[in-house]
Structure formats: C-alpha cells, structure tokens
Amino acid sequence: MNRAARAFWLDRPGEGRIRDVDLPAPAGDEVLVRSLFSGVSRGTETLVFRGGVPESQHAAMRAPFQEGDFPAPLKYGYLNVGVVEEGPERLAGRTVFCLYPHQTRYVVPADAVTVVPDTVPAGRAVLAGTVETAVNALWDAAPLIGDRIAVVGGGMVGSSVAALLARFPGVSVQLVDADPARAKIARALGVDFALPADAEGGRDLVVHASATEQGLARSLELLAAEGTVIELSWYGDRKVSLPLGEAFHSRRLVIRSSQVGTVSPRRAGRSYADRLALALDLLADPALDALVTGESAFDELPDLLPKLASGELPALCHRIRYEDTE
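First, a word on scope: everything that follows refers to the structure included in this document. Just so it is clear, the structure is predicted and the values come from calculations on it, not from any experiment.

**Description of empty space enclosed by the protein**
Where empty space is left becomes clear once a probe the size of a water molecule has been rolled over the atoms.
Alright, step 1. All told, the structure shown has one cavity of 30 Å³ or more when counted by the stated rule.
Alright, step 2. The space that makes up the largest cavity amounts to roughly 80 Å³.
Alright, step 3. Considering the residues around the largest cavity, the lining is formed by F8, L10, E45, V48, F49, L74, Y76 and L305.
Alright, step 4. If you list the elements that add at least two residues to the lining of the largest cavity, you get β1 (4-12) and α1 (44-49).
Alright, step 5. Sorting elements by how many residues they give to the lining of the largest cavity places α1 first, with three residues.

**Concerning the layout of surface pockets**
Alright, step 1. Approximately 230 Å³ is the volume found for the second largest pocket.
Alright, step 2. Lining the second largest pocket are D179, A181, R182, K184, I185, A188, A290, T293, P314, A315 and L316.
Alright, step 3. The leading source of residues in the lining of the second largest pocket is helix α5 (residues 182-189), at four residues.
Alright, step 4. Looking at the lining of the second largest pocket, its residues break down into seven nonpolar, one polar and three charged.

**Description of the pattern of salt bridges**
Alright, step 1. Inspection of the entire model under this criterion finds 19 salt bridges.
Alright, step 2. Between E221 and R218 there is a salt bridge whose closest N-O contact spans 3.0 Å. Highlighted residues: E221 and R218, both in helix α6 (residues 213-221), separated by three residues, approximately one helical turn.
Alright, step 3. A residue is classified by how much of its surface remains accessible, and E221, at 51% relative accessible area, is exposed.
Alright, step 4. Between E295 and R319 there is a salt bridge, and its shortest N-O distance comes to 2.7 Å. Taken as a pair, E295 in strand β16 (residues 292-297) and R319 in strand β17 (residues 317-321) lie far apart in primary sequence, 24 residues in all.

**Observations regarding the pairing of strand β3 (residues 30-41)**
Alright, step 1. Burial of β3 is extensive: nine of the 12 residues sit out of reach of the surface.
Alright, step 2. Relative to strand β8 (residues 105-109), β3 runs antiparallel, the two sharing five bridges. Considered in β8, the bridge of V33 is made with Y106.
Alright, step 3. Pairing of β3 with strand β6 (residues 80-86) involves six bridges; the strand directions are antiparallel. Residue pairing across strands places F37 opposite V81, the latter belonging to β6.

Thresholds, definitions, all that
Residues numbered from 1 in each chain as written. Predicted model: local features only at pLDDT ≥ 70, side-chain atom pairs only at ≥ 80, totals over all residues. Heavy atoms only, no water. 1 Å grid on protein atoms, 1.4 Å probe; cavity = no way out; pocket = protein on both sides within 12 Å on 5 of 7 lines; lining within 4 Å. Points joined across faces, edges and corners; volume = space filled by probe spheres on them. Helix = DSSP H or I, 4+ residues; strand = E, 2+ residues; numbered from the N terminus. Nonpolar A, V, L, I, M, F, W, Y, C, P; charged D, E, K, R; others polar. Salt bridge = Lys/Arg side-chain N within 4 Å of Asp/Glu carboxyl O. Buried < 20%, exposed > 50% of the residue type's maximum accessible area, 1.4 Å probe, protein only. Pairing = 2+ DSSP bridges.

See below:
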C-alpha cells in the first residue's frame, strides 16, 4: 500500500510550500485516507495565511489536525474529503469527510472521519465544515416561521446560512453584500439579494458574516425593535467600532456571538458528530454547488493562496483536487 504523502505548509506569513511526509502504518483503530478534494475558505484560512491570528487566540484557533504553531510554520486546514484505503471493514473504501489540512494522504483515528452520504458528491462534501458552522449559527439564532431575515455578508459562511434559511417555511430572506456579483449566488440559493444601501429594514433577525465593522453597523440598522444580530464574523487581530449610541438601547437590540467551536447550548444533547452528520445530510441539495466558485490542482496551492488572501482571485470556497498527485 502506498503510504507516501505530500502536504501544504505555511512556512511564514504569506508564503507556503509543499513538503514530503512520511506516514505511519495505521493502527487497528485508525484509517489511512487518500484525499480526493479539500477546500480553502477565503475567510479564516486566508487570515491564517497572512498571519492575522492574534496571540490571545492561538489555542482557540488550532485546527483539529494542525501541525506547528501560529503564526508559522504550520500545516492548517479543515475541509478534506477522501477515500479510506486502510482501516476497519466498516470504513474501507468509503468516501469520508475529515477536518484535516491539505495533504495527499493521512492517518487519523477512525472516529475522526464521517462517512459522506451516497446522496452527496465528494466534490460538494468539502463544504461540510462550513455548512456545519451555518447549522450551529441557526441553532443559536432559532428563527421562527414568518421571520424577516437578512444575511449580511455573502461569503462562504453567509451564503451557507442563506441557503439553509431558504428552506424555512414562510421566512423572507435577503442576502446583503457590497459585491453585486453575489446576486448570482443568491439566485442560485433561492433568496433575494440587495446591496447594503438598498437592503430592506425591519428585520426580526440579521445574521452578520461580512467580517467588516461597516457590515455589523448596517446589520444593526436593519433590525426591527427588539431584533437580534447573530455575529458570525471573526475579526482576527483587527479592532472593530460599533454604534451603540443613538437608538441601540431604546430599540432594545441584541448582538449575540456564534462560533462553531462549541455546539449551541440551545441544542443540549447534540454532539459535534451529530452536527457534522446533519451538515453532510443537508449537502444533498445541489443548490449548494453555487458555493464552490473555483478549482485548482493540489500542486498549485503555493501560488494560489496568496491570490485568495489578497482578493486577486475572488472566491467563496475554492476546491483543491488531488487526482493528479500520485
């Protein structure tokens, strides 16, 4: 069995390369996975690439199978889909999702992989980690039938939230983004679109995912009295100012954070495994293919990530394929 592997490492902020890796033989409770696809989120992962994780968050921001420490050198990533080449009989030959970095093959505990349902193509399954974040956000938000909802920020996470909200009965959903090109994404997901200046107010709930203070301020403006903003953005090492004067108190507005590192307390009894399995089931919807906005070969990662981090290459989820890495 071929146990040679290669992995993408961030050598220093803004610069990475592919390294050879020696893999151990898997133990009886481990699996050897051959990668089919991985995903790059232009949010968290590009922030890591540019070295923007504040020291106070180094422990909280560790990926499950990260090697090395922030800011660098390190191996980082968490959207990987592959095939089990060695492992327990129940998993052998199955397509699985794992919170693993960009690497051609890897060995992990068997309970670290989740089987991808037959209804979900492997290439779409790279979205599982982001849809899991959206699931947790909606558990925190607890939208009600008939709610008027805005999602501010049409990136990977915001669009995932909008896609799930589109399935709620009687809910009015508007995706708000400063990039008019995101209107195409909104149409594919089955929700309305607006530029920030044109967004409809009187929202019962706003989910904010633009990672800008302007977006958060606009989210507050869009709320109806006693409405809630669910804050999904993570700002890394940036300071954010908020307009908490004016009518913030008189209108009794709420800002609540949501973060995927903890299962929403509103879903007591649900485990991390339950949440990820649900996210994978939801990916049976082909509309979510709209969130994959580009694809490159694994060997292109050293040149690709600087372009994603700078915005030269616009993307939601950029998919990495491994078919030519033998």
